Amino acid sequence: MRSLTSRRHHKAARLLLVAVALLVTGGIYAVVSPAASVAAPTPEETIARGKELFAVSCASCHGLNGEGLASQGAPSLVGVGAAAVDFQMRTGRMPMANPLVQAPGKTNPFTPEEIAAISLYVASLGDGPAIPDPDQYDPSGLSPEEVAVGGDLFRTNCSACHNFQGSGGALPNGKVAPPLLDAEPIDIHEAMRTGPGEMPVFADQAIPDKDVKAMIAYLDQVHAEPSAGLSLGGLGPVSEGFWAWVVGIGGLVLFAMWITKKAARR
Amino acid sequence: MAKPTTVDPEVPQGQRPQRAEPSVAATAAAGSVGWVDDRVPVSSIARKGLRKAFPDHWSFLLGEIALYTFIILLLTGVFLTIWFKPSMAEVEYEGSYALMRGIPMSEAFASTLSISFDVRGGLLIRQIHHWAAMLFVAAMTAHMLRVFFTGAFRKPRELNWLIGVGLLSIGLVEGFAGYSLPDDLLSGTGLRFVDGLVRSIPIIGTWAEFFVFGGEFPGELVIPRLYMVHILLVPGILLALVSAHMALLVYHKHTHFPGPGRKQTNVVGQALFPVYMAKAGGFFFIVFGVTILMGALMQINPVWLYGPYNPAQVTAGSQPDWYMGFVEGAIRIIPNWETHILSTTWSWNIFLPGVGLMGLLFTGLALYPFIEAWITGDKAEHHILDRPRNAPNRTALGVAGMTAYGLFWLSGGNDILATQFGLSLNAITVFMRVAVFVGPVIAFIVTKRICLSLQRRDRERVLHGSSSGILVRRPDGGYTEAHAPITQAEAFTLTQHTELPALEVSETTDQHGVKRTGKRTSRLRARLSRWYAHGRVPKPTAQEIADAGHHGEDEADHAVEPAAGTGELTSSGEPASTH
Ligand code: HEM
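Residues numbered from 1 in each chain as written. Chains lettered and ligands numbered in written order. Predicted model: local features only at pLDDT ≥ 70, side-chain atom pairs only at ≥ 80, totals over all residues. Heavy atoms only, no water.

1. Some points on helix 10 (residues 222–252) of chain B
Residues and elements named next belong to chain B. Its 31 residues give helix 10 an end-to-end C-alpha distance of 42 Å, which sits within 8% of 45 Å, the value for a rise of 1.5 Å per residue. Of all the bends in helix 10, the largest measures some 40° and sits at V229. One or two residues past the end of helix 10 sits K253, with phi positive at roughly 70°. (Helix = DSSP H or I, 4+ residues; strand = E, 2+ residues; numbered from the N terminus. Expected span 1.5 Å × (residues − 1). Bend = angle between axes of the 7 residues up to and from the residue.)

Shown next, in the form of structure tokens:
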């Protein structure tokens, strides 16, 4: 578990992400235009392409103009911003397969360009948070004190739902706050700014980008650090109590059986 | 096979070891032993002590786990006191754990971090201490269940049962106080919980809070106070109670499971020296080793992840250690009941599950031996344990109690259950609200039925032997299953228990029509007694056994007969074949 997570938070992974993000935000251009002779799509063209894709994949629930369909329980997307679409689609939440209590995260079948197109389209419906630039969420270069403050902010704002080290937690009515072990820096930034599902929005005025970066850095480092033995799921005293009975009392009872069975040799 | 040693009965009261006349041998062995022996008769005490018999059954070691983990707690606890600072004064962290650098926190929390990261071996000791605390209470609980289900609490051991109940309840206090000391987020959340419990006491709640916390929560005093409680007051009481517990154990001697040669007047087992000494000593090292391995390999209470207590924070998965989980669970599932009378608030939603449930549990445990004796009218001494099936109502009551406890306990982890098993938090709550009442009733009925079936099976075995699985075709074409007779020893084990008759309501007047005075059996008591005795499967009488041996003369192998070599039932030699 630990080693996997740390690998995921490897420096190279971060660089890769930055590269991907650059690709998404800046450069549909390079991929979409197969020939140099074809002009790069204008924003209008991209929005039009986004609207097409939206009509195919999203309109059945969100309506042809993103106005939301009450019958599907799908909210209006006017004003949710490009960041919301980017977050929901990259993490595989949207398009929802069927309206469940909570869209499960799954692998996302869309290309970055398609997501960018739909994002741009939805952003054109009304103002909302934009997809962040890497320098808004890149956690490198912070001092230990700043990262420690990030930890304090995380415990104050997020641990009530996501647990003290982001192992996840339960919410009323079958909803859950997912574990954040696999969350990428950009996910964390976008989730805070757009407030998916039951999660509240943490706007720029409440927690500026600087603090978001510190929180991201804290989560990165706390997940990378070794635990003091098996972490038992990082769930707190419930799992500790469970293992105390199973390993401790269970194991000692087996030893007790063995030692009382053992006959003395004379 | 070891020869079980039979330690013979001795009148417990007052029979002091014989006053030593300075024998030739003693004077000759004029060494220090001899010198001491002339003053305190150690060697004769030792001779008797060394021959003290310990029954060989694993369940008799549960109490030893508790004892040994307590010793581990004392040792590791002393280590922790050397560096722990019980102070709530605020400092800025400057230790070596980078992810806390510069965060304001109490000295208590800072010193816990320093034990974890800067004191050599400190983290290991902290983890051992905490695992040992979990095991200490768990072992006491398991030990208590063993005592309960085998009826070991009956006369003359009621006092020791009461001491045990005291140990368990005070153990909870000790564990809770320790859990609160590091002043991390979970400590503080737990203290806040207790603050709520205290405040929920009707009328005096608020005053009680100010008394405990020296002002409003959290104040500056509670950690120093808890520290005193945790390292001085409660360990002192625990130590005294443990000593009394052991002294009574030696005085009453061990109980033992029924079997041939096992009488109310003896104890069959291994002598303390050398066999049991080796076993118990070995087991001590095993308990020590397992606890250390747990401390080394399994993370517990990672306070550096929880962070210092901050009343503005709370984390998902805020739970107490397991032994307070049942109270937490009750609080989580109770509806939000409150009444307002004049200017006072009566928080039933906290008072009932918190103060009420704990009170109910420990009062119930303390009173049970007396209630049972009152119902059965049993005034005899018991040194032979009950097989749980032979006390079906007690066993069923115990399982019902465990079920209720377990359901409350699960409710305490409702959020973890929800995330780990993909359930809805609300559905769990609704289910538990019903289950804590219905579950124990079902558990009672099912357990009682199982006990009675087992009794019936015992009766069958005694009367007809054990089924051999061999079908025999008779000359007339029918089939019968051959039954192998059980050994005399087993037959003894299965039938040794006494069946007390139900109490009758006493006449209010004697045969002359004069009103009776003195103790009478009330209607209620008689009814309870009848209920208690009702339904049990009578054990076969000697006549029935004899008849069973004859009823099919053609089935020669049906009879119960002494197995070869078993000889007399009570000749202690052969262990019963029923283990
Ligand atoms: C007898 C049963 C005892 C129980 C059930 C118990 C339980 C606990 C628990 C649960 C903690 C929190 C530990 C942590 O996570 O760090 C704790 C802490 C502590 N205990 Fe005990 N303890 C016991 C005996 C003792 C004794 C005898 C001493 C000292 C003489 C002691 C000294 C301490 C200290 C100093 C701490 C706080 C230090 C720290 O957490 O790093 N304990 N105890």
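2. With respect to the environment of B:G175
Turning to its location among the elements, B:G175 is positioned in helix 7 (residues 158–180). Note: C-alpha distance between B:G175 and B:G214 (39 residues apart in sequence) is 22 Å.

3. Quick notes on the packing of helix 5 (residues 107–117) of chain B against helix 6 (residues 122–149) of chain B
If you want to describe how two helices pack, look at the angle between their axes and the distance between the axes. Residues and elements named next belong to chain B. Contact pair helix 5 / helix 6: the axes reach a minimum separation of 5 Å and the direction vectors enclose 110°. On the basis of their axis angle, the class for helix 5 and helix 6 is roughly perpendicular. Counted together, T112, I115 and S116 of helix 5 and G122, L123 and R126 of helix 6 form the full contact between these two elements. Tallied by class, the residues present in the contact of helix 5 with helix 6 amount to two nonpolar, three polar and one charged. (Axes fitted to C-alpha atoms, helices over the stretch in contact; angles between N-to-C directions. Parallel < 35°, antiparallel > 145°, perpendicular 65-115°, else oblique. Contact = heavy atoms within 4.5 Å. Nonpolar A, V, L, I, M, F, W, Y, C, P; charged D, E, K, R; others polar.)

4. Side note on the domain arrangement of chain A
In many analyses, interface size is given as the accessible surface area lost on bringing the parts together. Residue and element names in this part refer to chain A. When the domains of chain A are assigned, the result is domain 1 (43–123) and domain 2 (134–232). Taken over C-alpha atoms, the centre of domain 1 sits 25 Å from the centre of domain 2. Each side of the interface is counted separately: domain 1 has eleven residues, and domain 2 has ten residues. Between domain 1 and domain 2 lies a buried interface of about 840 Å² when both sides are counted; carbon and sulfur atoms form 55% of it. (Domains from an automatic or database assignment. Buried area = accessible area lost by both parts, 1.4 Å probe.)

5. Concerning the coordination of the iron atom of the ligand
Angles between donor atoms at a metal ideally measure 109.5 degrees for a four-coordinate tetrahedral arrangement and either 90 or 180 degrees for a six-coordinate octahedral one. Residues and elements named next belong to chain B. Surrounding the iron atom of the ligand are the protein donor atoms H129 (NE2) and H230 (NE2), which sit 2.0 Å from the metal. Viewed at the metal, the six donor atoms of the iron atom of the ligand are separated by angles of 87 to 180°, and the geometry they form is octahedral. Taken as a pair, H129 in helix 6 and H230 in helix 10 lie far apart in primary sequence, 101 residues in all. Considered together, H129 and H230 belong to a single accessibility category, that of buried residues. (Donors = N, O, S within 2.8 Å, 3.2 Å for Na, K, Ca; no water. Tetrahedral: all angles 85-135°; square planar, octahedral: opposite > 155°, others 65-115°. Buried < 20%, exposed > 50% of the residue type's maximum accessible area, 1.4 Å probe, protein only.)

6. As for the packing of helix 13 (residues 325–333) of chain B against helix 15 (residues 392–412) of chain B
All names here are of chain B. Two elements in contact, helix 13 and helix 15, have axes whose closest approach is 6 Å; the angle formed by their N-to-C orientations is 70°. Relative to helix 15, the element helix 13 lies roughly perpendicular. On helix 15, the residues touching G325, F326, E328, G329, A330, R332 and I333 of helix 13 are Y405, F408, W409, S411 and G412. Considering only residue class, the contact of helix 13 with helix 15 consists of six nonpolar, four polar and two charged.

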